[in-house]
Amino acid sequence: MEPCVQARNITKRYGDFALEDVSFTLPKGSIMGFIGENGAGKTTTVKLILNLIKRDAGSILINGLDNIKDERGVKQQLGVVLDENCFHESLKPGDIAKIMANIFEGWSDAEFDRLLSQFGLPKGKTVKEYSKGMKMKLSIAAALAHDPKLLILDEPTGGLDPVARSEILDIFLDFIQSEDRSILFSSHITNDLEKVADYITFLHQGKVVLSASKDDLIDRYGLLRCGASGFSQIDGGDIVGYRQNQFGYDALVTDKTKARRKYAGLVVDDVRLEDIMLFYVRGINQ
């Protein structure tokens, strides 16, 4: 499968933070979920991809084009949706269309109008009169109306109610039906990523902890639950970390199938992405 995004050893150092040797590959026609705690480096990575800040080392290719040397060509292929509305609140959709048509060569007024109708967005109102969910849909419509090949999303569902979130996830799944389109989706809401992501890249303290197929991660890891006596039997090499609670211990195992066979008397449950992230970030390491 051809790559849409190839990030290799990208590095950015600040006074009190460093993004170190971050590498991942997003195949065409797929969605990559970008997860990690606040301050992990997700937004810094997105800014580096967009060339809003200069990297200290490494390379980033978008559909084979260097994001610095071929910046203009790369940005014509991008649709970007941030967690906050980026349009002035006095603007109406028609005003936004005029602005965007001067930026993107592939801009289509007809497609923008179609998306506004599909999303139920009133054309006669200003951005100020839109709800939070409507503003997010407006941003998505503006991002999609020039037929981008890569959609970059930074917390697009944060703060939205479950109905609005579900509608927006459906929009992303519809967009990805074309095999030459891809999505990089940064979010704290791991439940949303479990619904739509094909791949997961997990950043912690500026470094990549995991970058793999979402299904492989869910299938591979497990959550072992036991009391003190059971916990004493566990080989430290089988777990990422553990947490103690009033009922005993929870431990994240790196091979669920192996753990169920090796610790037959103990409970090994399936995991969610949130479990994996919590144990890497907040679990006690052996």
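Residues numbered from 1 in each chain as written. Predicted model: local features only at pLDDT ≥ 70, side-chain atom pairs only at ≥ 80, totals over all residues. Heavy atoms only, no water.

Enquirer: Mind showing me how you'd approach the pairing of strand β1 (residues 3–13) here?
Expert: Within a regular beta strand, the side chains point alternately toward one face of the sheet and then the other, so they alternate between its two faces. Pairing analysis gives seven bridges linking β1 to strand β2 (residues 18–27), with the strands arranged antiparallel. For Pro3, the partnering residue across the bridge sits in β2 and is Pro27. Examined bridge by bridge, β1 and strand β4 (residues 57–62) share five bridges and lie antiparallel to one another. Residue Thr11 lies in a different strand from β4, and its bridge partner there is Ala57. (Pairing = 2+ DSSP bridges. Helix = DSSP H or I, 4+ residues; strand = E, 2+ residues; numbered from the N terminus.)

Enquirer: What exactly am I supposed to notice about unusual backbone geometry here?
Expert: Glycine aside, negative phi is the norm for most residues, and most peptide bonds take the trans geometry. The backbone of Asn9 shows a phi angle near 55°, a positive value even though the residue is not glycine. Tracing the backbone through its elements, the reader meets Asn9 in strand β1. The phi torsion at Asn51 lies on the positive side, around 60°, for a residue other than glycine. Looking at the element boundaries, Asn51 is found in the loop between α1 (42–49) and β4. The exposure class of Asn51 is buried, given its relative accessible area of 7%. (Buried < 20%, exposed > 50% of the residue type's maximum accessible area, 1.4 Å probe, protein only.)

Enquirer: It is not clear to me how the sheet that holds strand β5 (residues 65–66) should be interpreted in this structure. Could you clarify?
Expert: Strand order in this open sheet of four strands is β2-β1-β4-β5, and the pairing throughout is antiparallel. Each edge of the sheet is formed by a strand with only one pairing partner; in this case those strands are β2 and β5. Relative to β5, β4 runs antiparallel, the two sharing two bridges. Pairing of Leu61 across the sheet is with Asp66, part of β5. Of the strands in this sheet, β1, β2 and β4 are in contact with α1, which crosses β2 at around 65°. (Contact = heavy atoms within 4.5 Å. Axes fitted to C-alpha atoms, helices over the stretch in contact; angles between N-to-C directions.)

Enquirer: Where do I start with the pattern of salt bridges in this structure?
Expert: Summed over all chains, the structure comprises 21 salt bridges. Arg114 is the partner of Glu111 in a salt bridge, and the nearest nitrogen-oxygen pair spans 2.8 Å. Taken as a pair, Glu111 and Arg114 lie in helix α4 (residues 109–118) at a separation of three residues, close to a single helical turn. When its relative accessible area of 25% is taken as the criterion, Glu111 is described as partly exposed. The exposure class assigned to Arg114 is partly exposed, which follows from its relative accessible area of 43%. Between Lys262 and Asp238 there is a salt bridge; the shortest N-O distance is 2.8 Å. One end of the pair, Lys262, is in helix α10 (residues 256–262); the other, Asp238, is in the loop between α9 (228–231) and β12 (239–245), with 24 residues separating them in the sequence. A residue is classified by how much of its surface remains accessible, and Lys262, at 41% relative accessible area, is partly exposed. Taken together, the shared-partner salt bridges in this structure form one network comprising Asp147, Lys149, Asp180 and Arg181. (Salt bridge = Lys/Arg side-chain N within 4 Å of Asp/Glu carboxyl O.)

Enquirer: So what exactly am I meant to see when it comes to helix α5 (residues 132–144) here?
Expert: Along an α-helix, residues three or four apart share an orientation, since each turn contains 3.6 residues. An ideal rise of 1.5 Å per residue puts 18 Å on 13 residues; α5 measures up with 19 Å between its terminal C-alpha atoms. The buried fraction of α5 amounts to eleven of the 13 residues, a majority that puts the element mostly inside the structure. Lining the buried residues of α5 we find β6 (78–81), α3 (93–101), α4, β7 (150–154) and α6 (162–175). (Expected span 1.5 Å × (residues − 1).)

Enquirer: Explain the nonpolar core here, please?
Expert: In summary, soluble globular proteins display a tendency toward joint burial of nonpolar side chains. Phe112 and Phe172 are the most contacted members of the largest nonpolar core, which has 55 residues in total. Considering every element that reaches this core, the biggest residue donor is α5, with seven residues. In contact with Phe172, not counting residues within four places along its chain, are Ile140, Leu151, Leu153, Pro156, Ile183 and Phe185. One finds Val5, Ala40, Leu48 and Leu50 within the second-largest nonpolar core, a separate group that totals 25 residues. (Core = buried A, V, L, I, M, F, W, Y, C linked by side-chain atoms within 4.5 Å.)

Enquirer: Teacher, can you tell me more about the environment of His88 here?
Expert: Along the polypeptide, His88 turns up in the loop between β6 and α3. Owing to a relative accessible area of 55%, His88 belongs among the exposed residues under this scheme. Between the C-alpha atom of His88 and that of Lys128, which follows or precedes it by 40 residues, the distance is 8.2 Å. Polar contacts involving the side chain of His88 include one to the side chain of Ser90, which spans 2.8 Å. (Polar contact = N/O pair within 3.5 Å; in protein donor to acceptor, adjacent residues only side chain to side chain.)

Enquirer: Quick question: what am I supposed to make of the packing of aromatic side chains here?
Expert: Two descriptors summarise a pair of aromatic rings, namely the distance from one centre to the other and the angle between the planes of the rings. Scanning the model with the defined rule gives eight aromatic pairs in all. Considering the side-chain rings of Phe172 and Phe185, the 5.7 Å spacing of their centres and the 80° angle between planes classify their relative orientation as edge-to-face. Linking Phe172 in helix α6 with Phe185 in strand β8 (residues 182–186), this pair joins segments that are 13 residues apart in sequence. Residue Phe172 shares its accessibility class with Phe185, and that shared class is buried. (Phe/Tyr/Trp six-rings, centres within 6.5 Å; stacked < 30°, edge-to-face > 60°.)

Enquirer: What's the story with the packing of α5 against α6 in this structure? I'm lost.
Expert: If you want to describe how two helices pack, look at the angle between their axes and the distance between the axes. Two numbers describe how α5 lies on α6: the axes approach to 11 Å, and their chain directions differ by 10°. As summarised for this structure, α5 and α6 are arranged roughly parallel, according to the angle between their axes. Residue-level inspection shows Met136, Lys137, Ile140 and Leu144 of α5 in contact with α6, the latter providing Glu167, Ile168, Ile171, Phe172 and Phe175. Residue composition of the contact of α5 with α6, by class: seven nonpolar, no polar and two charged. (Parallel < 35°, antiparallel > 145°, perpendicular 65-115°, else oblique. Nonpolar A, V, L, I, M, F, W, Y, C, P; charged D, E, K, R; others polar.)

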